[in-house]
Amino acid sequence: MKTSKSVKIISLILIIAIIAVLGVSAAFAGISVRRRLNTVHGDYTALTGLADKTILFIGDGMGENHVKATEAYYGDKTYFTSFGANGFVTTYSNSITGPTDSAAAASAMATGIKYDNGEVSRRDGKFVSTVCELAKENGYGVGIVTTDNLYGATPAAFSSHAKNRNDTDEIVRGQISGGIDLYLGAGKDVYDNYRADFENAGYEFVSDLNAASGERMVIGVFDEVVACDGSDEKPTLEMLTDFATDFFERNFPDGYFLMVEGAHIDKTSHKNDIEGMVRYLKSFDESIKNTARKLISENVAFIVTADHETGGLKYSSESRYEIVDGMFTSKNHTSANVPYYIRITSKPDDYVSDLINKVIDNTDIYRICKALLTRKNVV
Ligand SMILES: [Zn+2]
């Protein structure tokens, strides 16, 4: 009699537990599905073929306050904020807990769909076609430039496919066979192991920027990409971007797609190192300004954005000497929307601004690039 009662109680507890687990799972699944359904995309057909050259600058971890704090620190406006088509980007990934990581966000921008954190342009075991692959198919040159290791999540999402951002060998092997014309970034210690594979695939493999002839595909890998006082062995992002635009103007004068990442805005923000952050953001901005000045007579689309905000940076009109590490409120990524700034030199900023919503999703970055990289006569 007593035993039977215990069994009933245990059964009841088990049933309640199962119902609770199912309920929580359903709720989580619901959130995931709802997120996908709620992503409204703009119509970017009017952008089709508006630029010969499309350059996407990604400031990793760069929220709006990172830009404001940098401007206050240097007492000078950033160059890219002069781009009159601007607004904000939603960055959430398919992962239901916490903010996005760089892999999911970069994959969303590279391919136009959402990912779980950690995934690299590969979902449910399938490779998802990237904007770089599309650009190649449409006859454009394609380049990847970063201050990060070239196998890092952001460059990887644009140039390879992997189940996880930590699958370095799979990422590098995808890069070797991916047909991208130019890679410039850090990670020399890892890439040295693949030197012969890159050379067999037709690449000029260098670790000294000055040593590259740039007459065929190039991979330049360095120990480090620094914020200032660069050298050919330890270059700055400005030096890499300058090399890249020279390379493409010479080899692909009819058009190219270039992704340039300022990865250390994120890395310094994780450490709550405000001085490091402003230095790297300044270098990122100088890279954009120098590129715009050099390509002044060209037909170029400049897209500047971020993959997510890092550090929960607060800014409320502090002056230069009040810019301190304590303005960071977190050591991690946050879900804050990030800014975008776009200029297409063939059209006035107002014209472009009218074609792009004030708040877009990170998957729209892919759609915008796709329209720009589709030549008018092949629509
Ligand atoms: Zn990060």
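Just so it is clear, the structure is predicted and the values come from calculations on it, not from any experiment. (Residues numbered from 1 in each chain as written. Predicted model: local features only at pLDDT ≥ 70, side-chain atom pairs only at ≥ 80, totals over all residues. Heavy atoms only, no water.)

Just to check I follow, could you spell out the coordination of the zinc ion for this structure?
Put simply, a metal with four donors set out as a tetrahedron has ideal angles of 109.5 degrees, and one with six donors set out as an octahedron has ideal angles of 90 or 180 degrees. Note on the zinc ion: its protein donors are Asp 266 (OD), Asp 266 (OD), His 270 (NE2) and His 333 (NE2). The metal-donor distances range over 2.1 to 2.3 Å. Around the zinc ion, the four donor atoms sit at angles spanning 56 to 150°, and that spread fits a shape best called irregular. Donor residues binding the zinc ion come from one chain and are separated in sequence as D-x3-H-x62-H. Placement of both Asp 266 and His 270 in helix 10 (residues 264-270) is noted, with a separation of four residues, approximately one turn of the helix. Exposure remark for His 270: the relative accessible area of 26% places this residue in the partly exposed category. (Donors = N, O, S within 2.8 Å, 3.2 Å for Na, K, Ca; no water. Tetrahedral: all angles 85-135°; square planar, octahedral: opposite > 155°, others 65-115°. Helix = DSSP H or I, 4+ residues; strand = E, 2+ residues; numbered from the N terminus. Buried < 20%, exposed > 50% of the residue type's maximum accessible area, 1.4 Å probe, protein only.)

Would you explain the packing of helix 9 (residues 237-251) against helix 11 (residues 274-294) in this entry?
A pair of packed helices can be characterised by two numbers: the angle between their axes and the separation between those axes. In the contact formed by helix 9 and helix 11, the axes pass within 8 Å of each other and the chain directions differ by 25°. Compared by their axis directions, helix 9 and helix 11 come out roughly parallel. Along this stretch, helix 9 crosses helix 11, giving a crossing that reads as right-handed. Where helix 9 abuts helix 11, its residues Leu 237, Glu 238, Thr 241, Asp 242, Thr 245 and Asp 246 lie against Ser 283, Phe 284, Glu 286, Ser 287, Asn 290, Thr 291 and Lys 294. Residue composition of the contact of helix 9 with helix 11, by class: two nonpolar, six polar and five charged. (Axes fitted to C-alpha atoms, helices over the stretch in contact; angles between N-to-C directions. Parallel < 35°, antiparallel > 145°, perpendicular 65-115°, else oblique. Left-handed = near helix turned anticlockwise from the far one by under 90°. Contact = heavy atoms within 4.5 Å. Nonpolar A, V, L, I, M, F, W, Y, C, P; charged D, E, K, R; others polar.)

What should I look at first to understand the nonpolar core in this one?
Among soluble globular proteins, nonpolar side chains are generally buried collectively. Counting 106 residues, the largest nonpolar core has Phe 80, Phe 158, Tyr 191, Phe 198 and Phe 257 as the members making the most contacts within it. Broken down by element, this core gets its largest block of residues, eight residues, from helix 11. Filtering out sequence-adjacent residues up to four positions away, Phe 257 remains in contact with Thr 54, Leu 56, Val 131, Cys 132, Ala 135, Tyr 140, Gly 141, Val 142, Gly 143, Phe 158, Cys 369 and Leu 373. (Core = buried A, V, L, I, M, F, W, Y, C linked by side-chain atoms within 4.5 Å.)

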